[in-house]
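Chain residues, written in single-letter form:
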Amino acid sequence: MNYMHRIDSNMPPLQHSSLAALGEFGLISRITSAVSPGEGVITGIGDDAAVTSLSPGMQLLVSTDMLVEDVHFDLGWHDPSRLGRKSLAVNISDIAAMGGIPRWVLLSLALPSDLPLDFIDRFMRGFLGMAAEHRVALIGGDTCSSRSGLSISVTVMGEQAPELILRRSGALPDDDIWVTGTLGDAALGLKVVQNGGTGDDYPVSRLLDPSPRVSAALALAEAGVVTAMIDVSDGILADFGHIAEQSHVGGCIYRDDLPLSAGFRSHTADLSEIPYQLALSGGEDYELCFTAHRSNRKKIVDCMKKSGIAVTRVGIVINSPGVAVLCPDGTRYEVNSDGFNHFT
Ligand SMILES: [Mg+2]
């Protein structure tokens with residue numbers, strides 16, 4: 001099914017250029033016209049509440065996230081379509097981090113009244129395109145006007161069999177620490193756009209259009225090999241730190257084992273030192289960080305090979321609290337910051 005074609009053909013041509021002229025109900029029916037019925041949706045958009053049906057034996061997973069203009073994104077770099085994709089992708093990533101299957105989503109928008117309707121159309125195309133890629137159905141939401149920039153609130157729901165749900169709290173001493181894909185690309189992308197780089201650069205596309213690792217996460221959950229998992233939204237140091245805290249353990253991360261992309265290496269080749277702090281503390285890579293017993297190494301590598309996602313062993317869980325980063329000679333590598341903190 002060509003979903004993008006469906007979105008384009010179902011959205012009527014613009015008769016108003018402004019949000020004020022279209023009105024809230026006009027906007028909602030415009031968005032609804034582009035939404036197809038989803039699996040497990042008994043009653044979708046249009047009633048006081050949506051009604052959905054979980055698959056037999058499954059439990060519900062729910063996660064919500066806000067994206068606020070000038071805090072999480074800058075409309076100077078974020079084109080509306082990729083902003084729509086990303087606002088759903090980061091939420092799907094949280095369901096994936098639990099080993100869940102993403103199913104339904106609610107979208108609420110606070111919109112400046114001078115935001116062009118064409119912006120909203122392009123945003124929705126991106127959002128619904130990401131939804132279609134992951135078979136997630138938009139089942140409701142809210143819109144209101146904003147006097148200070150665009151705010152996007154997304155609540156995503158997923159499901160999974162109780163025994164396959166992965167939490168942050170199961171890591172055990174001597175487990176390996178693993179990470180999918182590569183780290184630091186999105187943080188480098190942020191530096192590139194801040195210095196006037198374009199959206200086509202590899203690190204910038206990692207920042208603006210992240211891919212939630214749903215199939216890799218599901219494969220890991222089904223393989224039954226993972227003791228704890230989280231998605232890397234604030235840097236592996238901070239995010240593995242959450243696993244460590246909730247599992248009452250600590251960890252050593254081997255600095256030189258951090259997976260760095262070819263794009264990352266070529267962008268940073270002229271620096272005197274590899275900027276490991278971007279890979280350790282940079283946010284928004286949306287990779288998976290997980291722990292597993294060493295006897296499962298081969299199983300993990302085989303299972304990720306099938307998913308087409310690279311996976312790297314980057315450290316080891318230890319008994320005492322705290323997370324240390326170690327250089328190849330065994331000395332401690334000091335990191336400047338602990339991921340992205342919204343309040344500093
Ligand atoms: Mg998360």
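In this text the structure is predicted, and so the values were computed from the model without any measurement.

Engineer: Mind showing me how you'd approach helix H2 (residues 19-32) here?
Structural biologist: One turn of the α-helix equals 3.6 residues, which is why residues spaced by three or four share an orientation. For H2, with 14 residues, the first-to-last C-alpha span of 16 Å runs short of the 20 Å given by 1.5 Å per residue. If you look at H2, its biggest bend is around 70°, right at phenylalanine 25. Inspection of H2 places Leu19, Arg30 and Ile31 among the buried residues, and these make up the whole buried set. Where the residues of H2 are buried, they touch strand S4 (101-112) and helix H4 (117-133).

Engineer: Would you take a moment to explain the pairing of strand S5 (residues 137-146) for this structure?
Structural biologist: Each regular strand carries side chains that alternate between the two faces of the sheet. Relative to S5, S4 is paired through nine bridges, and the arrangement is parallel. Pairing of leucine 106 across the sheet is with glycine 140, part of S5. Regarding topology, H4 serves as the crossover connection from S4 to the parallel S5, and that connection is right-handed.

Engineer: Whenever I open this one, helix H8 (residues 236-247) confuses me. Can you help?
Structural biologist: Over its 12 residues, H8 extends 16 Å from the first C-alpha to the last, a length consistent with the 16 Å expected when each residue adds 1.5 Å. Among the residues of H8, those classed as buried are Ile236, Leu237, Ala238, Asp239, Phe240, Gly241, Ile243, Ala244 and Ser247. Buried residues belonging to H8 abut strand S7 (176-180), strand S8 (226-232), strand S9 (250-254), helix H10 (276-281), strand S10 (287-292) and strand S12 (322-326). The positive-phi residue at the C-terminal boundary of H8 is histidine 248, with phi of around 55°.

Engineer: Honestly, the environment of proline 56 in this entry has me stumped. Any pointers?
Structural biologist: Position of proline 56 relative to the elements: it lies in the loop between strand S2 (51-52) and strand S3 (59-68). Judged by the 6 C-beta atoms lying within 10 Å of it, proline 56 falls in the exposed class. In sequence terms proline 56 and alanine 89 are 33 residues apart; their C-alpha atoms lie 26 Å from each other.

Engineer: What am I meant to see in the pairing of strand S6 (residues 151-160) here?
Structural biologist: Buried residues dominate S6, accounting for seven of its 10 residues. In the sheet, S3 pairs with S6 via 10 bridges, with the strands oriented antiparallel. Looking at the pairing, glutamine 59 lines up with glutamine 160 of S6. Judged from the nine bridges that link them, S4 and S6 form a sheet pairing that is antiparallel. Each residue of the ladder has a partner; that of serine 108, found in S6, is serine 153.

Engineer: What am I meant to see in the sheet that holds S5 here?
Structural biologist: Hydrogen bonds along the backbone pair up the strands of a sheet, which may run parallel or antiparallel. Taken in spatial order, the four strands line up as S3-S6-S4-S5 in an open sheet, and their pairing is mixed. Looking at the sheet topology across the chains shown, the edges are occupied by S3 and S5. Neighbouring strand axes in the sheet, compared pairwise and without regard to direction, differ in orientation by 15° on average.

Engineer: Help me out: how do you make sense of the sheet that holds S9 in this one?
Structural biologist: Here six strands make up an open sheet; going across it, the order is S8-S10-S7-S11-S9-S12 and the pairing mixed. Edge positions in the sheet fall to S8 and S12, since each has one partner strand and no second. Going across the sheet, the axis of each strand differs from the next one's by a mean of 25°, ignoring polarity. With respect to the sheet, helix H7 (residues 214-223) is in contact with S7, S8 and S10, its orientation differing from that of S10 by roughly 15°.

Engineer: In this structure, what is going on with the packing of helix H3 (residues 80-97) against H4? I would like to understand it.
Structural biologist: For any two helices packed against each other, one specifies the inter-axial angle together with the distance between the axes. Close contact between H3 and H4 brings their axes to 6 Å; oriented N to C, the two are set at 40°. With respect to H4, the element H3 is oriented oblique. Between H3 and H4 lies a crossing whose hand is right-handed. For the pair formed by H3 and H4, the contact residues are Pro80, Ser81, Arg82, Leu83, Gly84, Arg85, Ser87, Leu88 and Ala89 on the first element and Phe119, Arg122, Phe123, Met124, Arg125, Gly126, Phe127, Gly129, Met130 and Ala131 on the second. In terms of residue class, the contact of H3 with H4 is made up of 10 nonpolar, five polar and four charged.

Engineer: Could you clarify how one ought to interpret the domain arrangement of the protein in this entry?
Structural biologist: Accessible area lost on assembly of the parts is the figure often given for the size of an interface. The assigned domain composition of the protein is domain 1 (3-163) and domain 2 (166-326). For domain 1 and domain 2, the distance between their C-alpha centroids amounts to 27 Å. Across the contact, 19 residues belong to domain 1 and 20 residues belong to domain 2. Within the residue set of the side of domain 1 that touches domain 2, elements represented by two or more residues are H3 and S4. When residues in the side of domain 1 that touches domain 2 are grouped by element, the largest group, 10 residues, is from H3. Residue composition of the side of domain 1 that touches domain 2, grouped by class: nine nonpolar, five polar and five charged.

Calculation rules
Residues numbered from 1 in each chain as written. Predicted model: local features only at pLDDT ≥ 70, side-chain atom pairs only at ≥ 80, totals over all residues. Helix = DSSP H or I, 4+ residues; strand = E, 2+ residues; numbered from the N terminus. Expected span 1.5 Å × (residues − 1). Bend = angle between axes of the 7 residues up to and from the residue. Buried ≥ 20, exposed ≤ 12 C-beta atoms within 10 Å, placed from the backbone. Contact = placed C-beta atoms within 7 Å. Pairing = 2+ DSSP bridges. Right-handed = clockwise from strand over helix to strand, strands pointing away. Axes fitted to C-alpha atoms, helices over the stretch in contact; angles between N-to-C directions. Parallel < 35°, antiparallel > 145°, perpendicular 65-115°, else oblique. Left-handed = near helix turned anticlockwise from the far one by under 90°. Nonpolar A, V, L, I, M, F, W, Y, C, P; charged D, E, K, R; others polar. Domains from an automatic or database assignment.

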